[in-house]
Structures are given as C-alpha cells and as structure tokens.
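Below, each chain spelled out in residue letters.
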Amino acid sequence: MPITPTPKIWMNGELVDWDQAQVHVLTHTLHYGTGVFEGIRAYETAEGPAIFRLTEHIERLFSSAKILGFEIPYTVDELIQATKDTVASTGLASCYVRPLAYLGYGEMGLNTLPCSTEVAIACWPWGALLGDDAVQKGVRMKISSWTRHDHNTMPPAAKTVGNYVNSSLAKVEALKAGYDEAIMLAPNGLVAECTGENIFVARQGKLLTPPLSAGALEGITQNTVTSLAEDLGFEVRVDNIARSDLYIAEEAFVCGTAAEVSSINSVDERDIPCPGPMTLALSEAYLATVRGENPKYKSWNELAV
Ligand code: PPE
C-alpha cells in the first residue's frame, strides 16, 4: 500500500522534515536485517487522537531489542513521548505509527556489538491492511509452503526486521496464487499465525488461538480481542491448532494492529461461514474500544496531546 507523506518524522531525538529522514546505504540493518520495529495505530476519539496501547507497544519494542541483545539509547517514557509528539505533528486524527530501532552506519560485519542503535518513528494514514470490507467479505487464505521460524533460528517473539523476509515470501506466494493472505505453520506442522496477524478459530463454540510456543508474535490485538471476547461471554482457549481445525472451523478471523479484525472466508478452498457471529461482535467491540467508546478500557486510549 502506498505511503502518503506527513510533515515530520522523529529521528534520533528530533522531528525532521519527512524528506530529510534518510540513512546511508551502508546502514547495518539494510545489509543484515538487524533491527526491531513496531506497528501502532492512533484513532480519533472524543478527546482527540489516542494511540492504542502505546505503552505496551513501546515495551514490546524494548523486549525485541533485548532478545537481539541491542541497547536502545532512550527510555520507554522517552519513546512514548516521542511517539505522541510525532502523531501530534501530523495533525491527523488517526494514523498508523511505525517505530524502528536500527543499527546505523559506521560498522560492517556480523558482530553487532560495536554498532550504534538509532531510532526513527514515522506516521502516515493507512487503511485496514486486508481491505475495508475484510470483516464482511472475509479474506481467502492459503496455508503457506513456507514454514514459520523456529525459536532457535529467528526468535518469533521479537519483531525483528529480518524475520519479515519469511512473511514476505509467504505473502507473495499467496497473492500470486490468487489468495489474499497466508497462514504459517510451525516446523512441527501446527498453526502459528499469519504473515502479519494472529489467528483465531472457532471450534465447538469456543475460540482457539495458538500459543507463543507455536511461533506466534505476542499480539497486542490478540490480547485485546481475548479480553473483549471474555466480556462478551465467549470462551477463549490458547491451544494448539491443527491444519484440519482450520478446514472445519465454524468461523475464523485474523487480528493485528494493521489488519484490525478481519474475517476468514476460506482456507485452501474449504469455505468457512463468514462473517461469523463472534467475529462480527468482536470486530464491532474492537473498533469501539480503539475509538475510546469502551469505558472499561479507557486507559488503553493514550492521548497524543
Ligand atoms: N504476528 C505478526 C507476524 C505480526 O507482524 C503482527 C503485527 C501480529 C502478529 C499482530 O500483532 P499486534 O499488532 O501486536 O496485534 N504486524 C504489524 C505489521 C504488519 C505489516 O504488514 O507491516 C502490524 O499489524 O502493525
């Protein structure tokens, strides 16, 4: 999806003009994929633009860096404030927010220890990742021929730049074959997640979502949806999901910051009832919550100003 520029990008402590936010071609992360990032959304609320669960996203950025052994030269509070400043500088009521901590120019080679960590935060308007009608119409999924990373190859719990080559391979394979998105299986054959979303499947009236041990990212939307499902009286279980569970699901959906809640209408050409009643209720509850209309979770709406 094309990027629409906004006035400023936060880079290493200051807001710079969009076109000035540049790096050298010998930037370490450009060569080795050695960076970590986040995907966050700001939504219009009655009190002004609010960044959904900003603190948890910034904390996850630091956890990703810790897993890779990088030091981010700022505190969590400093990057929370920097993200708020960047969102406020756009003048937009809602936008996507992309913080990136990358290893900069000056060192080359696989030893990351001497490298400096730099941080950039950019915002731009971004529609729902899988289309605005993805809840009603649903997305056509393919089980990828690409396997999700194993915990001892590329830790899936870290949102590492290089991890996403695996996701891109799966995404492009699915698109070229005429599908909308791919489902990725762990090396043991169990369902992990999608290329940029977590997955939920309804079986025997209960919602199932794979555990982190299956190679899924610890999704903040997955956590939000779990709370909302429990509030709505739906039973949610974190459990292993087999490929065949997908084929006979009563309903299924993906969720993530960029994709929000999107229905799945088929997996490998096995139709899944769509949109399912739990999916519809959860999509509605999710959108109300991010827009600050759910009093129980007001603390998740972190105002930009
Ligand atoms: N799994 C993966 C692999 C993933 O990339 C994301 C977010 C999730 C699960 C859901 O996590 P959360 O956003 O905390 O609920 N993917 C980000 C990037 C997507 C992209 O296409 O780029 C996002 O949704 O912002």
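Residues numbered from 1 in each chain as written. Predicted model: local features only at pLDDT ≥ 70, side-chain atom pairs only at ≥ 80, totals over all residues. Heavy atoms only, no water.

What about the packing of helix H2 (residues 54-68) against helix H3 (residues 76-90)?
Phase 1: H3 packs onto H2 with a crossing angle of 125° between their chain directions and a minimal axis gap of 10 Å. Compared by their axis directions, H2 and H3 come out oblique. Read as a crossing pair, H2 and H3 show a hand that is right-handed. In this structure, H2 uses Leu54, Thr55, Ile58, Glu59, Leu61 and Phe62 to contact H3, whose residues at the interface are Val76, Leu79, Ile80, Thr83 and Lys84.
Phase 2: Considered class by class, the residues forming the contact of H2 with H3 number seven nonpolar, two polar and two charged. (Axes fitted to C-alpha atoms, helices over the stretch in contact; angles between N-to-C directions. Helix = DSSP H or I, 4+ residues; strand = E, 2+ residues; numbered from the N terminus. Parallel < 35°, antiparallel > 145°, perpendicular 65-115°, else oblique. Left-handed = near helix turned anticlockwise from the far one by under 90°. Contact = heavy atoms within 4.5 Å. Nonpolar A, V, L, I, M, F, W, Y, C, P; charged D, E, K, R; others polar.)

Overview of the domain arrangement of the protein
Phase 1: When its domains are assigned, the protein resolves into domain 1 (8-124) and domain 2 (134-290).
Phase 2: A straight line from the C-alpha centre of domain 1 to that of domain 2 covers 26 Å.
Phase 3: In this assembly, 21 residues from domain 1 lie in contact with 20 residues from domain 2.
Phase 4: Of the roughly 1,700 Å² buried at the junction of domain 1 and domain 2 (both faces included), carbon and sulfur atoms supply 65%.
Phase 5: It is Phe37, Phe52 and Arg60 that lose the most area in domain 1 upon contact with domain 2, and together they represent 33% of the buried surface on that side.
Phase 6: At the junction of domain 1 with domain 2, the criterion picks out zero salt bridges.
Phase 7: At the boundary of domain 1 with domain 2, the tally comes to 11 residue pairs in polar contact (both at pLDDT 80 or more). (Domains from an automatic or database assignment. Buried area = accessible area lost by both parts, 1.4 Å probe. Salt bridge = Lys/Arg side-chain N within 4 Å of Asp/Glu carboxyl O. Polar contact = N/O pair within 3.5 Å; in protein donor to acceptor, adjacent residues only side chain to side chain.)

Some thoughts on unusual backbone geometry
Phase 1: Cis geometry marks the peptide bond from cysteine 274 to proline 275, where omega comes out at -5°.
Phase 2: In this fold, proline 275 is placed in the loop between strand E16 (270-271) and helix H7 (277-290).
Phase 3: With a phi angle near 50°, asparagine 12 is a residue other than glycine that sits in the positive phi range.
Phase 4: Structurally, asparagine 12 can be placed in the loop between strand E1 (8-11) and strand E2 (14-17).
Phase 5: The phi dihedral of arginine 53 falls on the positive side, at around 50°, and the residue is not glycine.
Phase 6: The topology assignment puts arginine 53 in the loop between strand E5 (48-52) and H2.
Phase 7: By relative accessible area, arginine 53 is classed as buried at 5%. (Buried < 20%, exposed > 50% of the residue type's maximum accessible area, 1.4 Å probe, protein only.)

Side note on the environment of leucine 54
Phase 1: With respect to the helices, strands and loops of the structure, leucine 54 is situated in helix H2.
Phase 2: In this structure the C-alpha to C-alpha distance between leucine 54 and methionine 141, which are 87 residues apart in sequence, comes to 30 Å.
Phase 3: Non-local contacts of leucine 54, meaning those with residues more than four positions away in its chain, are made with Ile40, Ile80, Thr83, Lys84 and Glu302.

Thoughts on the pairing of strand E6 (residues 95-103)
Phase 1: Of all nine residues in E6, seven are buried; the element is thus mostly enclosed.
Phase 2: Relative to E6, strand E3 (residues 35-37) runs antiparallel, the two being bridged by three bridges. Paired with glycine 35 across the bridge in E6 is tyrosine 102.
Phase 3: Strand direction decides the pairing type here: strand E4 (residues 40-45) and E6, joined by three bridges, are antiparallel. (Pairing = 2+ DSSP bridges.)

Some points on the pattern of salt bridges
As a working rule, side chains carrying opposite charge can pair if their charged atoms are close by.
Phase 1: Inspection of the entire model under this criterion finds 13 salt bridges.
Phase 2: Taking the shortest distance from any N to any O, the salt bridge between lysine 296 and aspartate 231 comes out at 2.8 Å. Taken together, the residues span a long stretch of sequence, with lysine 296 in the loop between H7 and strand E17 (301-303) and aspartate 231 in helix H5 (residues 220-231) at a distance of 65 residues.
Phase 3: The salt bridge partner of arginine 243 is aspartate 268, with a shortest N-O separation of 3.2 Å. With a gap of 25 residues between them, arginine 243 in helix H6 (residues 243-247) and aspartate 268 in the loop between strand E15 (260-267) and E16 connect regions that are remote in the sequence.
Phase 4: Judged by relative accessible area, aspartate 268 falls into the buried class, the value being 12%.

Some words on the site of the ligand
Phase 1: Around the ligand there are 21 residues in total, and Tyr96, Tyr164, Glu193, Thr221 and Thr257 lie nearest to it.
Phase 2: Contact between the ligand and tyrosine 96: an oxygen atom at 2.5 Å from a side-chain N or O atom of the residue.
Phase 3: Put simply, the parts of the chain that give the shell around the ligand at least two residues each are H2, E6 and H5.
Phase 4: Within the shell around the ligand, the residues separate by chemical class into six nonpolar, nine polar and six charged.
Phase 5: When residues are assigned to domains, the shell around the ligand turns out to be shared by domain 1 (8-124) and domain 2 (134-290), each giving three or more. (Near = heavy atom within 4 Å.)

So, the nonpolar core
Phase 1: Ile72, Leu79, Val87 and Val119 are the most contacted members of the largest nonpolar core, which has 26 residues in total.
Phase 2: Elements with a contribution of two residues or more to this core: E4, H2, H3, E6 and strand E7 (117-124).
Phase 3: In terms of residue count, H2 provides more of this core than any other element does, five residues in total.
Phase 4: Ignoring any residue separated from it by four or fewer positions in sequence, one finds valine 119 in contact with Trp10, Met11, Asn12, Ile72, Tyr74, Leu79, Leu100, Ala101 and Tyr102. (Core = buried A, V, L, I, M, F, W, Y, C linked by side-chain atoms within 4.5 Å.)

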